[in-house]
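# Fold and contact review
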Amino acid sequence: MSATVDVRHRPTGAGSLLSLLAGVTAVALVIDGAGQWQPLLVELGGLGICAVAVATWDRDWRLGSLSLAVAGCLLVTVGIALGVTSPGEMTQRLELLPGLFGLAVLFAGLVPLRSGWERRLVTAGAALLFLGVVTSGVVRGASDSRLLLAGVATVLAWDLGGNAVSLGNQVGRAAETHRTELLHAGATLVAGAAVFVVALAVAALDVQGLSLTGFAVLLVAGFALVVAMRH
Amino acid sequence: MTDARPTGRWRGVVALSLFAGAVGLLAQRPSLLLLASLGVGYAVYPRLLPAPPDPTLGVERTVTDTDPADGEHVAVSLTVRNEGDRWLPDLRIVDGVPPLLPVVEGTPRRATALGPGEETTLEYAIEAKEGKHRFEATTVLARDLGGATERRTTLHEPTVVDCGVAVPTPAVRDLTRHRTGQRVTDDGGSGLEFHGMREYQAGDPMKRVDWRRLASGGELTTVEFREERAAAVVLCVDLGEQLATGGPVDSGASHAVARSVAAADRLAVALTAANHEVGLATLGPAVCGLPLGVGQAHLTRLRHLLDTHEAFGPATANGPSPPAEPGRDGREADGHTATASATAGGPTATVTDPAGGEPAVSDGGQAAAADGADRSRSLAELRERLDGTTQVALLSPLADDDVVDAVRRLEVAGHSVTVVSPDTTTEDTVGNRLVACERATRIQTLRRLGVPVVDWASGQHLGNALSRTMEQYQ
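Here the structure is a predicted model, which means the values were calculated and not measured.

Parameters and conventions
- Residues numbered from 1 in each chain as written.
- Chains lettered and ligands numbered in written order.
- Predicted model: local features only at pLDDT ≥ 70, side-chain atom pairs only at ≥ 80, totals over all residues.
- Heavy atoms only, no water.
- Contact = heavy atoms within 4.5 Å.
- Buried area = accessible area lost by both parts, 1.4 Å probe.
- Salt bridge = Lys/Arg side-chain N within 4 Å of Asp/Glu carboxyl O.
- Helix = DSSP H or I, 4+ residues; strand = E, 2+ residues; numbered from the N terminus.
- Nonpolar A, V, L, I, M, F, W, Y, C, P; charged D, E, K, R; others polar.
- Core = buried A, V, L, I, M, F, W, Y, C linked by side-chain atoms within 4.5 Å.
- Buried < 20%, exposed > 50% of the residue type's maximum accessible area, 1.4 Å probe, protein only.
- Axes fitted to C-alpha atoms, helices over the stretch in contact; angles between N-to-C directions.
- Parallel < 35°, antiparallel > 145°, perpendicular 65-115°, else oblique.
- Left-handed = near helix turned anticlockwise from the far one by under 90°.
- Patch = residues over 30% accessible without salt bridge, like charges linked within 9 Å, V, L, I, M, F, W, Y side chains within 5 Å.
- Areas by Shrake-Rupley, 256 points an atom, 1.4 Å probe, with all protein chains shown as cover.
- Polar contact = N/O pair within 3.5 Å; in protein donor to acceptor, adjacent residues only side chain to side chain.
- Pairing = 2+ DSSP bridges.
- pLDDT = per-residue confidence, 0-100.

### Let's talk about the interface of chain B and chain A
On the side of chain A, 58 residues touch chain B, which itself brings 71 residues to the contact. For the pairing of chain B and chain A, the buried interface totals around 5600 Å² over both sides, and the portion due to carbon and sulfur atoms is 67%. Together, R9, L34 and Y42 of chain B form the three largest contributors to the area buried by chain B at its contact with chain A, with a combined 12%. Counting across the interface, chain B meets chain A through 3 salt bridges. In this structure, R9 of chain B engages D159 of chain A in a salt bridge whose closest nitrogen and oxygen atoms are separated by 2.7 Å. Of all the elements in the fold, those that place two or more residues in the side of chain B that touches chain A are helix 1 (13–27), helix 2 (30–48), strand 4 (88–96), strand 5 (103–105), strand 6 (109–114) and strand 9 (136–143) of chain B. Ranked by residues supplied to the side of chain B that touches chain A, first place goes to helix 2 of chain B with 17 residues. By residue class, the composition of the side of chain B that touches chain A is 38 nonpolar, 16 polar and 17 charged.

### A closer look at the nonpolar core
Side chains that are nonpolar tend, in soluble globular proteins, to be buried together. Ranked by internal contacts, the top residues of the largest apolar core, which has 69 residues, are W10, V13, L35, L38 and Y42 of chain B. In this structure Y42 of chain B touches V152, V155, T188, A191, G192 and V195 of chain A together with W10 and V13 of chain B, once residues within four positions along its chain are discounted. Formed by 34 residues, the second largest nonpolar core is a distinct cluster that contains V237, L290, L395 and V454 of chain B.

### Here's the deal with the packing of helix 4 (residues 90–110) of chain A against helix 5 (residues 118–138) of chain A
Residues and elements named next belong to chain A. Two numbers describe how helix 4 lies on helix 5: the axes approach to 7 Å, and their chain directions differ by 165°. If you check the angle between helix 4 and helix 5, you find them roughly antiparallel. Along this stretch, helix 4 crosses helix 5, giving a crossing that reads as left-handed. From helix 4, L94, E95, P98, G99, F101, G102, L103, V105, L106, A108, G109 and L110 reach across to helix 5, where they touch E118, L121, V122, A124, G125, L128, L129, L131, G132, T135 and S136. For the contact of helix 4 with helix 5, the residue count by class is 14 nonpolar, 7 polar and 2 charged.

### Brief notes about a nonpolar patch on the surface
Residue and element names in this part refer to chain A. There is a patch of nonpolar side chains on the surface, built from W57, L66, V70 and L74 and spanning about 370 Å² of accessible area. Within the secondary structure, W57 is located in the loop between helix 2 (34–56) and helix 3 (62–85). According to the relative accessible area criterion, W57 is partly exposed, its value standing at 31%.

### Structural notes on the side chain of R442 of chain B
Residue and element names in this part refer to chain B. Within the secondary structure, R442 sits in helix 12 (residues 430–448). A polar side-chain atom of R442 sits 2.8 Å from the main-chain carbonyl oxygen of L398. Setting aside residues up to four positions removed in sequence, R442 forms contacts with L398, A399, D400, D401 and V404.

### Quick word on unusual backbone geometry
Cis geometry is adopted by the peptide bond preceding P112 of chain A, which originates at V111 of chain A and carries an omega value of -15°. A positive phi angle, close to 55°, is found at Q28 of chain B, a residue other than glycine. Within the secondary structure layout, Q28 of chain B lies in the loop between helix 1 and helix 2. Residue classification places Q28 of chain B among the exposed positions, given a relative accessible area of 56%. One non-glycine residue, L398 of chain B, lies in positive phi territory at about 55°.

### Quick word on the packing of helix 1 (residues 13–30) of chain A against helix 6 (residues 144–171) of chain A
All names here are of chain A. Across the interface, helix 1 lies against helix 6 with an axial gap of 8 Å and an inter-helix angle of 160°. Classified by the angle their axes make, helix 1 and helix 6 are roughly antiparallel. The handedness of the crossing between helix 1 and helix 6 comes out as left-handed. Along the contact surface, helix 1 presents G15, S16, L18, S19, A22, G23, T25, A26, A28, L29 and V30, while helix 6 presents R146, L147, L149, A150, A153, T154, L156, A157, L160, G161 and A164. Of the residues contributing to the contact of helix 1 with helix 6, the split by class is 14 nonpolar, 7 polar and 1 charged.

### Details of the sheet that holds strand 7 (residues 119–127) of chain B
Residue and element names in this part refer to chain B. Overall, antiparallel pairing links the 4 strands, which are arranged 2-3-7-5 in an open sheet. A strand with exactly one partner marks an edge of an open sheet, and here the two such strands are strand 2 (57–63) and strand 5. Within this sheet the neighbouring strands show an average axis-to-axis angle of 35°, counted without direction. With 9 bridges connecting them, strand 3 (residues 73–82) and strand 7 associate as antiparallel partners. What sits directly across from L78, in strand 7, is L122.

### What about the pairing of strand 4 of chain B?
Residues and elements named next belong to chain B. Most of strand 4 is tucked away, with 9 of its 9 residues classed as buried. Across 5 bridges, strand 4 lies against strand 6 in antiparallel orientation. Looking at the pairing, R92 lines up with A111 of strand 6. As paired strands, strand 4 and strand 9 are joined by 6 bridges and run antiparallel to one another. Note that in strand 9 the partner of D90 across the bridge is R143.

### Some points on the confidence of the model for chain B
All names here are of chain B. Of the residues in chain B, 78% reach a pLDDT of 70 or more, and the chain-wide mean stands at 78. The least confident element of chain B, judged by mean pLDDT, is helix 8 (residues 335–343) at 35; the most confident is strand 3 at 94. For the stretch residues 243–249, pLDDT sits under 50, and the model shows 9 contacts to residues farther than four places along the chain or on other chains. Contacts for the low-pLDDT stretch residues 316–369, under 50 throughout, to residues beyond four places or in other chains number 134 contacts. Here the prediction assigns the complex a pTM of 0.75, and the interface score ipTM is 0.87.

Given below as structure tokens:
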């Protein structure tokens, strides 16, 4: 039998790349000092090498790909280790580490490390990214607008990752998908921008004057609106 | 066309809000409450998007060669056009490649966005395998911009790839009807080939009187020629029992049907060319029939039935094989298609019987019983339709003993049966070798009954196999 092109049900390449870019943006937005940038860059280098290994895996160059993958994983580990040691303060570590883990998990979901676990890993990765963003908010690491933008980037990473997984399941990695994926990413980004603007506008109105309880009630009202729209 | 189905992919985003809101309240951080509004915004976002319109799509499929040789690569191009007046931001197209033909180049799938009037063309190549192969419906999933709702549509563009070569000799046994045709009989009468001489009887045509003999000896004799008559043949396709079992995709069984249908097509052409009457029948769960008839119009009708009737479709042979059946958004359960593509290379079944899907060896019981009921019912229907001297050309992989039984009953009822049996057995596993052995035994049994069995090996020229076997019965 001649060689057949099998349909590989893996997350699509373009969507995975966009999702990871959004994830990196989310981490980058909540960190500042050089002590935090260094681990992130090291990890990104490791993930890049792993991506090359994945891309070359199906081209009959198994040994090379395997050694690349091992090197990449080592570099990612080094990056996370640096994330523990490099930042000067505890709070900086706390806001950086979930992001570093989140990126690694997101990448594992999009490779995918294990078939059938793509969506779980993507969600877990995005949740870790969001944990980093929330931690940054708790320790007052980033400004309101950067926090919001990081949140939008997290949602973008989760949405694009999920879309890549679903496209991968339905049409496979080999199919041409970039047109609809770019459109989808653009729409989610525009929605995020709209939410960002509205949220900042609300904040600019007079957040100081509004008590925390009042703000919470506003949020509950928002939920009520969502529930109402659902029915 | 189906209703819009929510994919639920934005549902989890509210959790972000709840988490950020809760932490914000506990840690007394207004900025986190601001972050929580993000989740609310994204939960509302998919609601604000217009639902995906019921897509109005035009589809056109062209293949470079509709009757390729075995193993030849056939380029397929599928064009899908948005004929509606709205944007389709997320369109996932999966072409219905015939289950038995492997895709060797490109991919029959694509996701794209189409504006009004825009079109997209998928190009890929499949490898032709012997038999008549039908393209299934193209599945299209349309999602809205945010992917929150999904519509599923199927587009039908019937295309048949017919792989194989023409057959010069029809499978006909003894003479039957008193209608002039090409079948040379052993009966004397009018014709071309000399048969014998006999005493003149009143009423014999003047031109057949042997005048020379009368002149020399004074005896009045009549020359007899071998009569040439037409036969009436019902082509009966054995569909196996797949509907009854509803088991997993069995490429062997559907391959047998594909090859049987192709053989039926070739035989019908050869029979019509020789002025025989041809009819069509099925043996198995799905019923399709065409009464006896002659001529090109009848042949066209018969071939059209073979090309389009659902009884011969791949759905009969292995149960419907839906492409990319989406379950919940994340876990689209289209492993089915993947299996079909992966095993499309040929009969690689290990547990099921590659020749006809009868699991009689291991767990026969119920399935075989249900099958038996189907078979005897369609056999009874067939016998009702046949009149005294009609012959039957049975196209069957001979995958079970019921077929042998059916042949025996037809023979007893006076119908000459010729069996054309596409061989789909393999030798790769012990089970498959056993299946092949059982099939060989069935062929022996039938031959001992005096039934010609054309054992048509995969890749062999059907015409050669046919003439080699039929020579022994002339």
